[in-house]
Amino acid sequence: MWTRSSILFLAGMVCAAPASAQFGDEFGDEFGDEPAEPAPPAEPAEPVAPGPEGEQDDLFADDVERAEEELEDGDGAEPEEEVDEEAAEALFQQRFRSHNSWHGPTGGIRTVDAGTGALGSFRFQLLTGFFATSDFLVPEDEASWVGGSASLSWTPLEMLELYASLESYAVSNDRENPDLFLVLADTYLGGKVFTGIEPWLTIGGDLRLYLPTGVDLGIGDAIGFGIGANATADLRGLPDPVPFIARLNLAYRFDQTENLIDQIEDRRYAALDDPMPRDEENRHLISPVERYALGVDRTDFFDIGIGLEAPLRAAEDLYIHPMLEWRLGLPVNRQGYSCLVTDEPGDDGCIEGVGLSAFPMTLTLGVRVLPPVRGLSVTAGVDIGLTGTSHEDAVRELAANDPYKVILGLGYAFDTRESPEPEVIVREVPREVEVQEEVPPTGRVVGFVVRQGEAVPVPNAIIEIMSHPELNAIAADPRGRFATYQLPPGEVQLAVTAEDHEPGGCAATIPEEGGDVEVRCELVKIAQVQIEEGEVVVLEQIHFAFDSAEILPESFPLMQEIADTLNGHPEIRRIEIQGHTDDQGTAEYNLDLSQRRAASVRQWLVDHGVEPDRLESRGYGLTQPIVPNTTDENRARNRRVQFIIKERADTL
């Protein structure tokens, strides 16, 4: 588990990297090649002290100075064109080293740069983060977060950048039921425009959309958006360049995530046995764990971000960029949410009473390394939550802030400029051609994988050639057919595995003269119906027609297996067939649908030999979910039929 001391140790290591990089640059300057002595000028010129190369991101300033000296000694416009081309290429290479922040726009790890990367280039980045802690959202809890971000940014015009990112993560907390929350593909889309005020100063603005998981673009009421203003001071653009970048971000974020949980809280309030008036009731509100896991805030935010970066060149093609960032989110109650103040122990507080300690404030330490592979970047860092990280300061309006988060990632920038066509060189090379010896005979094993005792093919089975372990396994096609590699004559032993089937095998013999041989491999299907102490467990779902109690033919084999199992266990005297649904639709509709489906299953079993006195059916609608109805996968699990044993004979 990460502690505060381990975080400080990592911060020390990150801060140590730039110092060693700069030392390497100064050492290289001391022992580098001496420049050629320039021609004496026509008139005395004031000397210019060159800056230390180890503290520059590139040689742009030196290149320009050298080009100007050559222009003074020259006699035409041709050198001036060369200066322009060199300066443009140097600036392009500097901007090409820009990479994405967490949500897509170019910048640091979290803060956004007012400018962008090289014109026409686009950048892809994968970042992952994680933490594990205790006593976080609930007293004495064990909590963890693991996830990541995939982002893409593009610079189609000189003053425009477009970007997008997908964020997915999992939150675990042992004091919540369920103890695991999955959030898949939160989407960010945006663009920023900017302009250069000075060679070292850029200002601009950005607009972004936030689409939380489960919100349909164009109709969802939880889609948020933000408007931001950005400023970047890149001191590499000064006449005497300094390897230092400062960024300032000011943004207003319209947060609509509260709409994600309106229906949940409405249903919880309706289910209370003795509810108080809505503005005096708090038992129906989502818990701090749910609020954090789903990223739900009941306010907007005015976000402030400050980032510092030192782009150091450690070697000819190696750059190290240490970074320090600070961010603060100031809640703005645009929605007019009225927080209920209570004195009950363990209840969350309100912003009005808790104050600044509940606001999300974070410090980020990190480093981005650009190795000799052009376009590649490696990022490492750690977020340290300064406020809003303790359950003692939790408020109903805000999701908790991460206590810390370790961040690792890879990025790659693509240069879309056309490469010059290589010169075509044609050479005649004499070669000696060896005559191949006669190839020995070989053959294949061609076969089918079927269910034992039936002609039903087993799709996508995996076949390992046990007699030739050096060869990779092969897969059967959806119709159960397969063919091995070319093998030498002799016996071939095959091991076969497939989903929902017991492992099996088969063998064949390739004749001495070679050629293909056929084989039939049979597998035993694993029983999908199992008897437990209080339930007949069915491992597959019974499928019905949409909005209907009609059992689909694809479930008939499973239904027959259920009937055979019940007929083979007469000691089970009475079973309740339960129908359950998800939360889509009204409670009355779901109760009726679940009852009809349970009755349809009972009638099918009676029609296929099960005694009717042993079976009873009942629908429960949406009242007994086994998992929260927060995702399509969870809703599918809640739509089920269960067979509960109500009476069992002690002996036959």
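Remember, predicted model here, so these are calculated numbers, not experimental data.

Mind showing me how you'd approach the overall build of the protein here?
Helices and strands together make up the secondary structure of the protein, namely nine helices and 25 strands. The 652 residues of the protein split such that 42% are buried.

How should helix α8 (residues 587–607) be read in this particular structure?
Since one α-helical turn is 3.6 residues long, residues separated by three or four positions face the same way. If you check α8, its first and last C-alpha atoms are 30 Å apart, about what 21 residues at 1.5 Å a residue would give, namely 30 Å. Those residues of α8 that sit buried are Asn590, Leu593, Ser594, Arg597, Ala598, Val601, Trp604 and Leu605. For α8, the buried positions fall inside an angular range of 130° around the axis, keeping them on one side. Away from the buried face of α8 by more than 90 degrees, exposed residues Glu588 and Asp607 are located. Residues of α8 that are buried make contact with α7 (556–567), β23 (572–580), β24 (615–621) and β25 (640–648). Once α8 ends, the next one or two residues include Gly609, with phi positive near 105°.

Quick question: what am I supposed to make of the sheet that holds β23 here?
Note on sheets: strands pair through backbone hydrogen bonds, and any given pair is parallel or antiparallel. Strand order across the open sheet formed by five strands is β21-β22-β25-β23-β24, with mixed pairing between neighbours. At either margin of the open sheet sits one strand with a lone partner, and together these are β21 (529–531) and β24. Neighbour-to-neighbour, the strand axes of this sheet turn through a mean angle of 25°, independent of strand direction. As paired elements, β23 and β25 share eight bridges and run antiparallel to each other. Paired with Ile572 across the strands is Arg648, a residue of β25. With respect to the sheet, α8 is in contact with β23, β24 and β25, its orientation differing from that of β24 by roughly 160°.

What's the story with the nonpolar core in this structure? I'm lost.
As a rule of thumb, nonpolar side chains are buried together in soluble globular proteins. Core analysis: the biggest nonpolar cluster contains 23 residues, and Ile542, Ile562, Ile577, Val601, Leu605 and Phe643 have the highest contact counts within it. Looking at this core, the element that brings in the most residues is α7, giving five residues. Val601 has contacts with Ile542, Phe544, Ile551, Met559, Ile577, Val641 and Phe643, leaving out every residue within four places of it along the chain.

Where do I start with the sheet that holds strand β18 (residues 490–497) in this structure?
Judged by pairing direction, the sheet is antiparallel, and its four strands sit side by side in the order β16-β15-β18-β19 without closing on themselves. Edge positions in the sheet fall to β16 (474–475) and β19 (504–510), since each of these pairs with one other strand and no more. Two elements, β18 and β19, share seven bridges in a ladder whose sense is antiparallel. Across the sheet, residue Gly490 finds its bridge partner in β19, namely Ile510.

Is there a simple way to think about the state of the cysteines in this case?
By definition, a disulfide links the sulfur atoms of two cysteine residues through a covalent bond. One pass over the structure, following the stated rule, counts two disulfides. Paired by a disulfide, Cys339 and Cys350 hold their sulfur atoms 1.9 Å apart. When the S-S torsion is -80°, as for the bridge of Cys339 with Cys350, the disulfide is left-handed. Here Cys339, found in the loop between β10 (318–332) and α6 (351–354), pairs with Cys350, found in the loop between β10 and α6; they are eleven residues apart in sequence, far enough to count as distant. We note that Cys339, like Cys350, is buried. Disulfide partner of Cys506: Cys521, at an S-S distance of 1.8 Å. Note on the Cys506 and Cys521 pair: the S-S dihedral is about 45°, so by sign convention the disulfide is right-handed. Of this pair, Cys506 sits in strand β19 while Cys521 sits in strand β20 (residues 517–523), and the two are 15 residues apart along the sequence. No difference in accessibility class separates Cys506 from Cys521, as the two residues are buried. Cysteine pairing for the protein (bonded cysteines numbered in sequence order): 1-2, 3-4.

Mind showing me how you'd approach the side chain of Ser151 here?
Considering the arrangement of structural elements, one finds Ser151 in strand β2 (residues 142–157). A residue is classified by how much of its surface remains accessible, and Ser151, at 2% relative accessible area, is buried. Among the polar contacts made by the side chain of Ser151, one reaches the side chain of Asn100 at a distance of 3.1 Å.

Help me out: how do you make sense of the pattern of salt bridges in this one?
Opposite charge on two side chains lets them pair, provided their charged atoms get close. One pass over the full model with this rule turns up 35 salt bridges. The partner of Glu161 in a salt bridge is Lys192, with the nearest N and O atoms 3.6 Å apart. Of the two residues, Glu161 sits in strand β3 (residues 160–173) while Lys192 sits in strand β4 (residues 180–198), which places them 31 residues apart along the sequence. Given a relative accessible area of 1%, Lys192 falls into the buried group. A salt bridge links Arg574 to Glu647, with the shortest nitrogen-to-oxygen separation between them at 3.8 Å. Taken as a pair, Arg574 in strand β23 and Glu647 in strand β25 lie far apart in primary sequence, 73 residues in all. Accessibility expressed as a relative area gives 29% for Arg574, which makes it partly exposed. Note on Glu647: relative accessible area 35%, which makes it partly exposed.

Please clarify how the packing of α7 against α8 should be interpreted in this entry.
Each pair of packed helices can be described by the angle between their axes along with the distance between the axes. One way to put it is that α7 packs onto α8 with a least axis distance of 10 Å and a crossing angle of 65°. The orientation of α7 with respect to α8, classified from their angle, is roughly perpendicular. In this structure, α7 meets α8 at a crossing whose hand is right-handed. Residue-level inspection shows Phe556, Met559, Gln560, Ile562, Ala563 and Leu566 of α7 in contact with α8, the latter providing Val601, Trp604 and Leu605. Here the residues of the contact of α7 with α8 are counted per class, giving eight nonpolar, one polar and no charged.

Mind showing me how you'd approach α7 here?
End to end, α7 covers 16 Å across twelve residues, agreeing with the expected 16 Å (1.5 Å per residue, within 8%). Among the residues of α7, those classed as buried are Leu558, Met559, Ile562, Ala563, Thr565 and Leu566. All buried residues of α7 fall inside an arc of 160° around its axis, so they share one side. Considering only its buried residues, α7 is in contact with β21, β22 (535–538), β23, α8, β24 and β25.

What is the right way to read the packing of aromatic side chains from this model?
In this description, an aromatic ring pair is defined by two values, namely the gap between the centres and the angle between the planes. Taken as a whole and judged by the stated rule, the model has eleven aromatic pairs. When the centroid spacing of 5.9 Å and the interplanar angle of 85° are considered together, the rings of Phe131 and Phe136 count as edge-to-face. With respect to burial, Phe131 and Phe136 carry one shared label: buried. An aromatic cluster is built from Phe131, Phe136, Tyr292 and Tyr404, whose rings are joined through pairwise contacts. Positioned over the ring face of Trp102 is Arg110, at 4.6 Å from the centre of the ring.

Rules of the game
- Counting from 1, residues in each chain are numbered in the order their sequence is written.
- Predicted model: local features are reported for residues with pLDDT of at least 70 only, side-chain atom pairs are reported and counted for 80 or more only, and whole-chain, interface and lining totals are derived from all residues.
- Computation of side-chain values: all heavy atoms of the structure, hydrogens and water removed.
- Strands are runs of DSSP state E lasting at least two residues, helices are runs of H or I lasting at least four, and both sets are numbered from the N terminus onward.
- Note on classification: 1.4 Å probe, protein chains only; a residue is buried when its accessible area is under 20% of the maximum for its type, exposed when over 50%, partly exposed between these limits.
- Helix span, as expected, comes to 1.5 Å for every residue beyond the first.
- This arc is taken over the directions from the axis of the helix to the C-beta atoms.
- By definition, residues are in contact when any of their heavy atoms lie within 4.5 Å.
- Pairing between strands requires that DSSP locate at least two bridges from one strand to the other.
- The axes are straight lines fitted to the C-alpha atoms, using for helices just the contacting stretch, and the angles between their N-to-C directions are given from 0 to 180°.
- As used in this record, nonpolar core signifies buried Ala, Val, Leu, Ile, Met, Phe, Trp, Tyr and Cys residues forming a set joined through side-chain atoms within 4.5 Å.
- Our working definition of a disulfide is a cysteine sulfur pair at a distance within 2.5 Å.
- Residues adjacent in sequence count toward polar contacts only when both atoms are side-chain atoms; beyond that, a polar contact is any pair of N or O atoms within 3.5 Å, and within protein one must be able to donate a hydrogen and the other to accept it.
- Any Lys or Arg side-chain nitrogen found within 4 Å of a carboxyl oxygen on Asp or Glu counts as a salt bridge.
- Working rule for angles: under 35 degrees goes down as roughly parallel, over 145 as roughly antiparallel, 65 to 115 as roughly perpendicular, anything else as oblique.
- Handedness of each helix crossing follows the sense of rotation of the near helix against the far helix: counterclockwise by less than a right angle gives left-handed, clockwise gives right-handed.
- Note that Gly is not counted as nonpolar here; it falls among the polar residues with everything else outside the nonpolar set of Ala, Val, Leu, Ile, Met, Phe, Trp, Tyr, Cys and Pro and the charged set of Asp, Glu, Lys and Arg.
- Each pair of aromatic rings taken from Phe, Tyr and Trp, with Trp reduced to its six-membered ring, is defined by centres within 6.5 Å and is described as stacked if the planes are under 30 degrees apart, edge-to-face if over 60, and tilted in the remaining cases.
- Any Lys NZ or Arg CZ that is within 6 Å of a ring centre and within 35 degrees of that ring's normal is treated as a charge sitting over the ring.

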